[in-house]
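Architecture at a glance
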Amino acid sequence: MVRGRVHKYARDNIDTDVIIPGPYLKIMDHNELAKHAMEGLDRDFVKKVKKGDFILAGRNFGCGSSREHAPIALSYAGISAVLALSFARIFYRNAVDGAYLLPIEIDEDAYNEIDDGDELEIDLDKNEVRNISKEKVYVMKPFPPLIKRIIEAGGLFNYTPE
Amino acid sequence: MCGMTITEKILARASNRERVAAGDVVFASVDKVMVHDVSGPGVMMVLRELERKGKRIERVWDSDRVWIAEDHFVPAVDKIAAENIMTLERMSERFGIKKHFKYGMGQYGICHTLSHEEAMVLPGEVYVGGDSHTNTTGALGCFATGMGHTDIAYVLIHGRIWFRVPETLLFKLEGSIPPYIMAKDIILKIIGDNGTDIANYKAMQFAGSAIAEMPMDERFTLTNMTTEAGAKNGIIEPDERTIAYVKERTDRPFKAVKGDEDAEYEEIFTYEVNRLEPIVAKPHSPANISYARELSSIEVDRAYIGSCTGAKYTDLLEAARIIKGKKAKVRLEVLPASQSIYMRALNDGLLSIFLEAGAVIGPPTCGACCGAHMGVLAKDEVCVSTTNRNFPGRMGHVESKTYLASPKVVAASAVTGRITDPRDV
């Protein structure tokens, strides 16, 4: 169960170049990367985020590069989950295998009704997203079995294949 | 029971199964793995973290299957980039990785060019790289896909990793390719028509009579930009041209794989390429396409010929044919994708053509394609580029503008200073 406040970016195709711009790829220090999270889209992002907060976005979140710097920057900036209509495949993989944050697939209702600043609770056992601010409950797309096991293990390196 | 696609066949072999089908999740063995100066230091960071937890990694699973490229921030752009290159030096030394292409020491260049130029990867193999455009190499008829550095570190240790077997979208390219059309026009058309996430988690396979006549360099442009459609991998079944290309470069044995006649494709798209017009993707998405002729009023400040998708030998040759004997009206940069391409372009006189037109020739590097160095864009600057992405800030300032186009369109635009159809110069 994770709880946090939403930062809503109501757009599709939020790419890795705006999540963490290319010139920072040579930086490996996670906290340093976090200072530049979402710099290509919202310069105030880092100031606004509190530990545990969520991002809400549209389709194809994290498209573009394979840079693991993207989920690292968001995670170390404080983001614990990204809720989106869909995710680009490498971002999704990196988020799960590196155990940086939860990529939560939501439906159009949740996307449209959840507003910036809403307080949410994500219940992975029930596959529910509860909007505390609006007293509404949405379903999230359940994680496929392997993904769920990797998340529960705490990342790919802690997971033992059967 | 239907047959398997080439992608399914490769993943079935690699996971020791009779057959796999789209949607299956398998742990598959990996044949080749690549890191570069961004993903390599990331991998080493993961290994350091494991060591801190008491698990020191003494060796990689097979050092002959690992290779290293230096391409993003080279020649080292600053102290941090230089330190990353030193990390790669220590990495190849520590693990006995012999195939490390170092700048200033002969052949080096962009990883997605070396992968095929140097036959680092062979048809039928499973290849993972720490870079999203790893898809490029699928034009050899292998399963090639990009991953982050945690996954790559896992592969280095275990030699295997999980894959969800992708559905395949089959793109049949029919007809003969007009002289003003390049593979870049075709893939931009496909992405523009279908969107940047049409192939998310899926394979994009190309076939048809236009593929049969397409040189390998052009095929790599198609598979390269499957990444911009979200694809897990791009792939082309090997034909005689593929086999000849590989055999010119290596005598190592390989087993070429083709899909079954009755393989199942999620969807089949057909494009008549003889009807295509030169295409440009406007800021800030590769799917935001127009015909070059519709954009003839757009003035550009820069023309950039570089990157894994737009600085192969064929790209330089086609651009040089248009520029020959003319002067560039705007700043023109040419960065060959590898040292061997650089030398070939030098020996064949292509570099003279660019230099006489006024161009600056840069070293092989990802350069400004990813906003790293070698001509990044200022606020409001407009660039027409042979590269593969034009997201906000991709090539520099977040308010710069990049128009993606074929080398022919970029060359024609360099000559006129406006976005120009190659038929109009």
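Numbers given for residues are sequential positions, taken from 1 along each chain in its written order. In the order they appear in the text, chains get letters beginning with A and ligands get numbers beginning with 1. Totals for whole chains, interfaces and linings use all residues, but because this is a predicted model, local features are given only for residues with pLDDT of at least 70 and pairs of side-chain atoms are given and counted only at 80 or more. Calculation of side-chain values draws on the structure's entire complement of heavy atoms; hydrogens and water are dropped beforehand.

1. As for the domain arrangement of chain B
Residues and elements named next belong to chain B. Boundary definitions for the domains trace back to an automatic or database domain assignment. Annotation of chain B at the domain level lists domain 1 (6-270) and domain 2 (280-424). With centres defined by C-alpha atoms, the gap from domain 1 to domain 2 works out at 24 Å. We call two residues contacting when some pair of their heavy atoms lies within 4.5 Å. With 37 residues of domain 1 at the interface, the matching set in domain 2 holds 38 residues. Interface of domain 1 and domain 2: buried area, both sides summed, is about 3,000 Å²; carbon and sulfur atoms make up 62% of it. Using a 1.4 Å probe, buried area is obtained as the accessible area two parts lose upon being combined, added over both of them.

2. Some remarks on the sheet that holds strand 10 (residues 233-236) of chain B
Residue and element names in this part refer to chain B. The four strands are arranged 10-9-8-11 in an open sheet whose pairing can be described as parallel. Since the sheet does not close on itself, it has two edges, and those belong to strand 10 and strand 11 (267-272), each with one partner. For this sheet, the mean inter-axis angle between neighbouring strands, taken without regard to orientation, is 20°. Sheet topology note: the strand 9 (residues 203-207)/strand 10 ladder contains four bridges and is parallel. Bridge pairing in strand 10 links A203 to N233. Lines fitted to C-alpha atoms define the axes here, with helix axes fitted over just the stretch in contact, and angles between the N-to-C directions of these axes take values from 0 to 180 degrees. A run of DSSP states H or I qualifies as a helix once it reaches four residues; a run of E qualifies as a strand once it reaches two. Both are numbered from the N-terminal end. Across the sheet, helix 1 (residues 6-14) touches strand 8 (168-174), strand 9 and strand 10, and the angle it forms with strand 10 is around 105°. Set on the sheet, helix 8 (residues 216-224) makes contact with strand 8, strand 9 and strand 10; between it and strand 10 the angle comes to about 150°. Strands pair, by our definition, only if DSSP identifies at least two bridges between them.

3. Topic: the packing of helix 4 (residues 69-77) of chain A against helix 5 (residues 89-97) of chain A
Each pair of packed helices can be summarised by the angle the axes make with each other and by the distance between the axes. Residue and element names in this part refer to chain A. In contact at an axis separation of 9 Å, helix 4 and helix 5 are set at 55° when each is read in the N-to-C sense. Classed by the angle they form, the pair helix 4 and helix 5 counts as oblique. Regarding helix 4 and helix 5, the two cross each other, and that crossing is right-handed. The residues of helix 5 that touch helix 4, namely those facing A70, P71 and L74, are F91, N94 and A95. Three classes are used: nonpolar for Ala, Val, Leu, Ile, Met, Phe, Trp, Tyr, Cys and Pro, charged for Asp, Glu, Lys and Arg, and polar for all others, with Gly counted as polar. For the contact of helix 4 with helix 5, the class distribution of residues is five nonpolar, one polar and no charged. Throughout, the term roughly parallel applies to angles under 35 degrees, roughly antiparallel to angles over 145, roughly perpendicular to angles from 65 to 115, and oblique to all others. Crossing chirality is assigned from the near helix's rotation relative to the far helix, an anticlockwise turn below a right angle marking it left-handed and a clockwise turn marking it right-handed.

4. Examining unusual backbone geometry
Each neighbour pair has its own omega, and for V74(B) with P75(B) the value is -15°, a cis peptide bond. Note on placement: P75(B) falls in the loop between strand 3 (66-69) and helix 3 (79-95). In the segment running from P283(B) into H284(B), the intervening peptide bond is cis, with an omega of 0°. Its location among the elements puts H284(B) in the loop between strand 12 (279-281) and strand 13 (289-291). In the Ramachandran plot, A99(A) falls in the positive-phi region, its phi being about 55° despite a non-glycine side chain. By secondary structure assignment, the location of A99(A) is in the loop between helix 5 and strand 4 (102-105).

5. Quick notes on the interface of chain B and chain A
Where the parts come together, the accessible area they lose is often given as the size of the interface. Taken together, the 46 residues of chain B in the interface contact 40 residues of chain A. Basic side-chain nitrogens of Lys or Arg form a salt bridge, by our definition, when they fall within 4 Å of a carboxyl oxygen of Asp or Glu. For the interface between chain B and chain A, the tally reads four salt bridges. Of the charged contacts in the structure, one is a salt bridge between D17(A) and R394(B), with a shortest N-O distance of 3.1 Å. Two N or O atoms form a polar contact when they lie within 3.5 Å of each other; inside protein one atom must be a possible hydrogen donor and the other a possible acceptor, and for residues adjacent in sequence the pair counts only when both atoms belong to side chains. For the pair chain B and chain A, the interface holds 20 residue pairs in polar contact (both at pLDDT 80 or more).

6. Description of the pattern of salt bridges
Side chains that differ in charge, positive against negative, can pair when their charged atoms come close. Enumeration according to the criterion identifies 47 salt bridges over all chains in this entry. In this structure, R130(A) engages E121(A) in a salt bridge whose closest nitrogen and oxygen atoms are separated by 3.2 Å. Neither R130(A) nor E121(A) differs from the other in exposure class; each is buried. Here R302(B) ties to E333(B) by a salt bridge, and the two come within 3.2 Å at their closest N and O atoms. Pair noted here: R302(B) is in strand 14 (residues 302-305) and E333(B) is in strand 15 (residues 331-334), with a separation of 31 residues, a long-range link. Both residues of the pair, R302(B) and E333(B), belong to the buried class. Here the residues in one salt-bridge network are R3(A), E119(A), E121(A), D123(A), E128(A) and R130(A), joined through shared partners. Residue exposure (1.4 Å probe, protein chains only): buried if accessible area is under 20% of the type maximum, exposed if over 50%, otherwise partly exposed.

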